[in-house]
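Next come the chains, spelled out residue by residue.
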Amino acid sequence: MLKKMMSNPMMMLVLFAMLIMLLSACSGTNNKPADPVAQPAEVETNTTPVQEEDKEEAVPVPDLDGRVIRISHWWDATPKGDSESDELARERIQMVEEKYNVKIKYLNTEYWSTSEKLSSSVLANEPFAEIVRVPDGFIWGLMHGGFLTPLDDYLQDTRVEQDVVNAMRFGGDKVYGLESWYTPNDSGMFYNKRIFKEAGLKDPQQLMDEDNWSWDTMLDAAKKLTVDRNGDGKMDQYGLAGAHYVLSEMLVASNGGKLYDEQTGTVTFNSPESMEALNFLHGLYNEHKVVKANGGNDWEDPAKFFGEGTIAMYPGGLWEIEGRILDKMKDEWGYVYMPKGPQAESYYEPFGQATAYVVPKGVKDADVIVKIWEDLQDFDNWQDNRRLSLENILPDEESIANAMNDNGQVQRLFGGRFGGLGIKDQLDKVTEKFIKGEITPSTGVAQVIGPAQAAVKKVLSGEPSEKK
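In this text, all values refer to a predicted model and were calculated from it rather than measured experimentally.

What counts and how
Residues numbered from 1 in each chain as written. Predicted model: local features only at pLDDT ≥ 70, side-chain atom pairs only at ≥ 80, totals over all residues. Heavy atoms only, no water. Core = buried A, V, L, I, M, F, W, Y, C linked by side-chain atoms within 4.5 Å. Buried < 20%, exposed > 50% of the residue type's maximum accessible area, 1.4 Å probe, protein only. Helix = DSSP H or I, 4+ residues; strand = E, 2+ residues; numbered from the N terminus. Contact = heavy atoms within 4.5 Å. Pairing = 2+ DSSP bridges. Axes fitted to C-alpha atoms, helices over the stretch in contact; angles between N-to-C directions. Patch = residues over 30% accessible without salt bridge, like charges linked within 9 Å, V, L, I, M, F, W, Y side chains within 5 Å. Areas by Shrake-Rupley, 256 points an atom, 1.4 Å probe, with all protein chains shown as cover. Salt bridge = Lys/Arg side-chain N within 4 Å of Asp/Glu carboxyl O. Lys, Arg positive; Asp, Glu negative; His and termini not counted. Charge placed at Lys NZ, Arg CZ, Asp CG, Glu CD.

**Q** Mind showing me how you'd approach the nonpolar core here?
**A** Buried together is how nonpolar side chains tend to be arranged in soluble globular proteins. In terms of nonpolar packing, the biggest core is built from 101 residues, with Ile104, Leu118, Trp213, Leu240, Phe269, Met313 and Ile372 touching the most fellow members. The biggest single contributor to this core is helix α12 (residues 272–286), with 7 residues. Filtering out sequence-adjacent residues up to four positions away, isoleucine 104 remains in contact with Ile69, Ile71, Ile93, Val96, Glu97, Ile372 and Leu376. In this structure, Ile311, Ile325, Leu390 and Met404 belong to the second largest nonpolar core, which totals 20 residues.

So this is what it looks like as structure tokens:
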């Protein structure tokens, strides 16, 4: 058969072709050629330019050549303690000092001297600090006087939430303040659990859980808890205590009102929401008589009464707990939101005053200064740190949840900041009179609305705030 095939040229040609195909298939089993698009030469030619285009260039960190960055507060803000938060703060300071080749120094500037020191040093072309912590009463005047650096251009790429950035515009177009975040709920109502329990009443937390914590239920409790306990004919326990100038602000806010409209530059404590709150305050003192009279010190007495256990409810701020309540209060107590006013759609926290960091005009490398400030903030852990700090001062989980606004029911009234504008001073003059029954709220407000608006105009003209 083979002999016959070999004698046939055509058959030999077919046989040879089959042999070549067989050998080619066998060799490909172990050494299959690479796919053309994956060949080394083509990979190098086609992908290398793309890799270069996609590669992000590292942004160089500015070297400030050992410069001292001074940060001013009206207290010594240098972290010194053994707490975890202080240790983390020291680590951030060290990181910033190494990253930018700077030295961080904290200044302790007297509160009332801060504004004058900032403005005079700017006028001398020698800002006394790169970053200055100031209350908004100083910010208004310094901003309109041209003593501060606008910061918008330096906050394009920032970790600060946009609503916080916008809140630092102080009614204008430019951002002049730096704030890392706003704590959820810094002011509300302290209450004595023992007093409510002994009277067989639902306390504010129970009423809040039922969505029934309002001006009406607060007043009802205050009336029932204002009593003569020893039978001498004099009330020795009261439903409420407070300073009239604190109560007025908190009640106006709790009704959805505010005392100043930043956008229009208008005093608004004659608005319907505000007037309803002021009339309610007048009634608490004069009609219902449920607020304990202070003994000569409106600032200290209310917290003192609460600590002594003779007050059922005390509107105040969380900052008061450590120095005024924690070591003095023997009874069980709690912390809730301010009750809702008739016009309120939610619980409200007043934002009547604010503090912020500013960069004085003339500070060199302002863009880098803003980045240094940001790197000093603990954006990743601030909520955890706040909860840890609240656990040290608040008595129970419900109070902590309220302070953290875990249920999201508290809304902050932005745009109502009035510190340093002279507005509150004018209103306080008449609340001091009408809590004594000497004047009605409507008459009093009519007398001072004009002077209050004039005070705003004075501050916004750039004139410095007066020392109180």
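What follows continues from the structure just given.
**Q** Help me understand the sheet that holds strand β3 (residues 131–135), please; the structure alone is not making it clear to me.
**A** Strand order in the open sheet formed by 4 strands is β2-β1-β3-β11, and the pairing between neighbours is mixed. Edge positions in the open sheet fall to β2 (102–108) and β11 (355–358), since each of these has one partner strand only. Pairwise comparison of adjacent strand axes, ignoring direction, gives a mean angle of 20° for this sheet. Relative to β11, β3 runs antiparallel, the two being bridged by 4 bridges. By the bridge assignment, proline 135 is partnered in β11 with threonine 355.

**Q** In this structure, what is going on with a negative patch on the surface? I would like to understand it.
**A** On the surface, Asp209, Glu391, Glu397 and Glu398 cluster together into a negatively charged patch. Turning to its location among the elements, glutamate 398 is positioned in helix α17 (residues 397–404). Assessed through its relative accessible area of 42%, glutamate 398 is described here as partly exposed.

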